[in-house]
Amino acid sequence: MSFGRLLLTSLALPLQNPRFCFSPSSNSTLSFPFFTLPPTPKPLIPKASFSSPPRTDINMVKAIRVHELGGPQVLKWEDVEIGEPKEGEVRVRNKAIGLNFIDVYFRKGVYKAPSMPFTPGMEAVGVVTAVGSGLTGRQVGDLVAYAGQPMGSYAEEQILPADKVVPVPSSISPVVGASIMLKGMTAQFLVRRCFKVEPGHTVLVQAAAGGVGSLLCQWANALGATVIGTVSSKEKAAQAKEDGCHHTIIYTEEDFVTRVNEITSGNGVEVVYDSVGKDTFQGSLACLKVRGYLVNFGQSSGTPDPVPLSALAAKSLFLTRPSLMQYNVTRDELLESAGEVFANVASGVLKVRVNHTYPLSEAAKAHEDLENRKTSGSIVLIP
């Protein structure tokens, strides 16, 4: 028999023949008497790659985040992404961050944050670490400060519009700068533009030992006014005296309306600067003289009850609720306001009281102490 005929005959044998038995479950090679068929090769499938190339425009930094409104406990210490500055922006590594009562308002929902979750904070001093394309006048290494919008200073680094930052003089440390920017510019517009304090005026400052109150007392005194300040304790009364208050009233021990009436011989004051709000509002109105100004720039005790216009008519009173952002609309206004604050600090007209510093990660504790009136002067958070 020829080889070809033998091969065909062998292939035609039934698979039951034990000599040619093949089990699909085995990993054996199919064998024949005269040759071997190699195993079927597995198809070559390239491994899929699910990893994206690393992004060079994103960095992770630590920040305080608010995911829900509420008490100090909603302030969470988290990792957040920060990108590179775009045109007209700078990236700043914060060295000191100012804590202000407006941060509490946003945390509680008294003021509405632009988005949720959000990073609070509206004041900081830091070093420029990157500059957006096409920007002149700012460079890496500059020490700069900002106050107001955009919110988000409770972070190790942040992106800021270049036209919102101002250079910090070498005579001003980051901690002092962070404690004076927002509060100092607030005091500046209150006594210099909202109601212009002049020699011979008598002014009443509610919460005179607070961050803004302390500066208001010093500045009004320097402008030649007689300054009356309300405080909650003897310790704070002593501080207010040092800050230029001619008369201090401990409102927990005596009625401030009666006391102001005694001090002014029944005439009242030209202006009341009130950041307390609900608890003092009606009393502040009662302390004003004819054509007096009530400047309500905060509500640490809550939002005041509505006031009918007729309540102002008896003495032709003026009532205003100003905000720093509306007084520093232009770049020129910002530079002028910050420049006057820094100049008064350098000359000694304003003495900055940084009585409390906290690690940024402990912002919740700082908020708690502020709301419980355990603090005086300025509070600064350190990243």
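For the structure, check the block above.
Keep in mind that what you see is a predicted model, and the values were worked out from it rather than measured. (Residues numbered from 1 in each chain as written. Predicted model: local features only at pLDDT ≥ 70, side-chain atom pairs only at ≥ 80, totals over all residues. Heavy atoms only, no water.)

K.L.:
I would appreciate a short explanation of the pattern of salt bridges in the present structure.
P.N.:
Side-chain pairs of opposite charge can arise whenever the charged atoms involved come near each other. A full pass over the atoms with the stated rule returns 14 salt bridges. In this structure, Asp-79 and Lys-62 form a salt bridge, with 3.5 Å as the shortest nitrogen-oxygen distance. A residue pair is termed long-range when its members are at least 10 positions apart, and Asp-79 in strand β2 (residues 75-82) and Lys-62 in strand β1 (residues 59-66) qualify at 17 residues. Between Asp-243 and Arg-353 there is a salt bridge; the shortest N-O distance is 3.0 Å. Remark: Arg-353 occurs in the loop between α10 (331-347) and β14 (354-359) and Asp-243 occurs in the loop between α5 (234-242) and β10 (247-250); sequence separation between them is 110 residues. A single burial state applies to Asp-243 and to Arg-353, both of which are buried. One salt-bridge network, in which partners are shared between bridges, spans Glu-84, Arg-91 and Glu-157. (Salt bridge = Lys/Arg side-chain N within 4 Å of Asp/Glu carboxyl O. Helix = DSSP H or I, 4+ residues; strand = E, 2+ residues; numbered from the N terminus. Buried < 20%, exposed > 50% of the residue type's maximum accessible area, 1.4 Å probe, protein only.)

K.L.:
What am I meant to see in helix α11 (residues 363-371) here?
P.N.:
Note on helix geometry: an α-helix contains 3.6 residues per turn, so any two residues three or four positions apart are oriented the same way. Ala-363, Ala-366, His-367, Asp-369 and Leu-370 are the residues of α11 that are buried. The buried side chains of α11 occupy one side of the element, clustering within an arc of 165° when seen end-on. In this structure, the buried side of α11 is in contact with β1, β2, β3 (89-99), α2 (101-108), β14 and β15 (378-382). Backbone geometry just downstream of α11 places Arg-373 in the positive-phi region, at approximately 60°. (Arc of directions from axis to C-beta. Contact = heavy atoms within 4.5 Å.)

K.L.:
Would you mind going over the side chain of Ser-376 with me for this structure?
P.N.:
In this structure, Ser-376 sits in the loop between α11 and β15. In this structure Ser-376 comes out as buried when scored by relative accessible area, which is 14%. A distance of 2.9 Å separates polar atoms of two side chains, one belonging to Ser-376 and the other to Asn-355. With sequence-adjacent residues up to four places away left out, Ser-376 is seen in contact with Ala-209, Lys-236, Gln-239, Asn-355 and His-356. (Polar contact = N/O pair within 3.5 Å; in protein donor to acceptor, adjacent residues only side chain to side chain.)

K.L.:
Please clarify how the packing of helix α3 (residues 174-194) against helix α4 (residues 211-222) should be interpreted in this entry.
P.N.:
Each pair of packed helices can be described by the angle between their axes along with the distance between the axes. One can describe the packing of α3 onto α4 by two numbers: an axis separation of 9 Å at closest approach and a directional angle of 45°. Considered as vectors, α3 and α4 are oriented oblique to each other. Crossing geometry of α3 relative to α4 is assigned as right-handed. Along the contact surface, α3 presents Ile-180, Lys-183, Gly-184, Thr-186, Ala-187, Gln-188, Leu-190, Val-191 and Arg-192, while α4 presents Gly-211, Val-212, Leu-215, Leu-216 and Trp-219. Here the residues of the contact of α3 with α4 are counted per class, giving eight nonpolar, four polar and two charged. (Axes fitted to C-alpha atoms, helices over the stretch in contact; angles between N-to-C directions. Parallel < 35°, antiparallel > 145°, perpendicular 65-115°, else oblique. Left-handed = near helix turned anticlockwise from the far one by under 90°. Nonpolar A, V, L, I, M, F, W, Y, C, P; charged D, E, K, R; others polar.)

K.L.:
What's the story with the nonpolar core in this structure? I'm lost.
P.N.:
Ranked by internal contacts, the top residues of the largest apolar core, which has 80 residues, are Leu-216, Tyr-273 and Leu-381. For this core, the leading source of residues is α3, giving ten residues. Beyond its immediate sequence surroundings of up to four residues, Leu-216 is in contact with Ala-187, Leu-190, Val-191, Val-205, Tyr-273 and Phe-297. One finds Leu-204, Ile-249, Leu-288 and Leu-294 within the second-largest nonpolar core, a separate group that totals 14 residues. (Core = buried A, V, L, I, M, F, W, Y, C linked by side-chain atoms within 4.5 Å.)

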